[in-house]
Amino acid sequence: MYLSTAASRTAAPRSWRSHVRTAVLASVLPFTLATASAQDGPQLNLPRVELNAGMHRIDAQVAQAPQERQTGLMHRQNMPLHEGMLFVFEQPATQCFWMKNTLLPLSTAFVADDGTIVNLADMQPQTLDSHCSTKPVRYVLEMNQGWFAHKGIKAGFKLSGAPFKR
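These notes cover the structure that comes with them. These figures come from a predicted structure and were not determined experimentally.

Parameters and conventions
- Residues numbered from 1 in each chain as written.
- Predicted model: local features only at pLDDT ≥ 70, side-chain atom pairs only at ≥ 80, totals over all residues.
- Heavy atoms only, no water.
- Buried < 20%, exposed > 50% of the residue type's maximum accessible area, 1.4 Å probe, protein only.
- Helix = DSSP H or I, 4+ residues; strand = E, 2+ residues; numbered from the N terminus.
- Pairing = 2+ DSSP bridges.
- Salt bridge = Lys/Arg side-chain N within 4 Å of Asp/Glu carboxyl O.

Here the focus is the pairing of strand β6 (residues 117–123). The buried fraction of β6 amounts to five of the seven residues, a majority that puts the element mostly inside the structure. In terms of strand pairing, strand β5 (residues 106–111) meets β6 through six bridges, oriented antiparallel. Bridge pairing in β6 links F110 to N119. Hairpin remark: β5 followed by β6, antiparallel, with five residues in the connecting loop; positive phi at G115, about 95 degrees.

A few words on the pattern of salt bridges. If you walk through the whole model with that rule in mind, you get five salt bridges. Where E90 meets R69, a salt bridge forms, and the shortest distance between an N and an O atom there is 3.0 Å. In this pair, E90 is assigned in strand β3 (residues 83–93) and R69 in helix α2 (residues 66–71), connecting sequence segments 21 residues apart. Taking the relative accessible area as the measure of exposure, E90 reaches 4% and is therefore buried. Residue class for R69 comes out buried when judged on its relative accessible area of 3%. Its salt-bridge partner being K158, residue D114 comes within 4.0 Å of it at the nearest N-O pair. Of the two residues, D114 sits in the loop between β5 and β6 while K158 sits in the loop between α3 (147–150) and β9 (160–161), which places them 44 residues apart along the sequence. Among the charged side chains, a salt-bridge network with shared partners connects R48, D59 and E83.

Here you go:
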């Protein structure tokens, strides 16, 4: 779950922004009224983007709006191994996350604009411990805990995918 809401939005590249807008309208808008009043369950209908960590494919839900980032992966009981959530912020800033109402142990990658992982953090379920980026970042990728370690991915590794193309 995203802890701070201090960052302000800057324009994303048009192709990325258009892709996300289209996906949101096509898949999320019909469910907005049903879920807007009560976010006591997981958000499962966010747009998705394919990312790559070397030869490993990641199917990431995209949490871009402030409410989507605030809810994050809260209330999820499980998540497939190749899935995660990409948090997209308006501009690079120190990003901090915690695990309130998050049931899954997660590993978090704090990611620079070009896809380079700045630092990683393992987070325990339902804790209020703050885990922050060591440098300003625009992206944060949450995966099941241990995913990065099992793939040999460390700080300095470069992810690829539409969000990181400029």
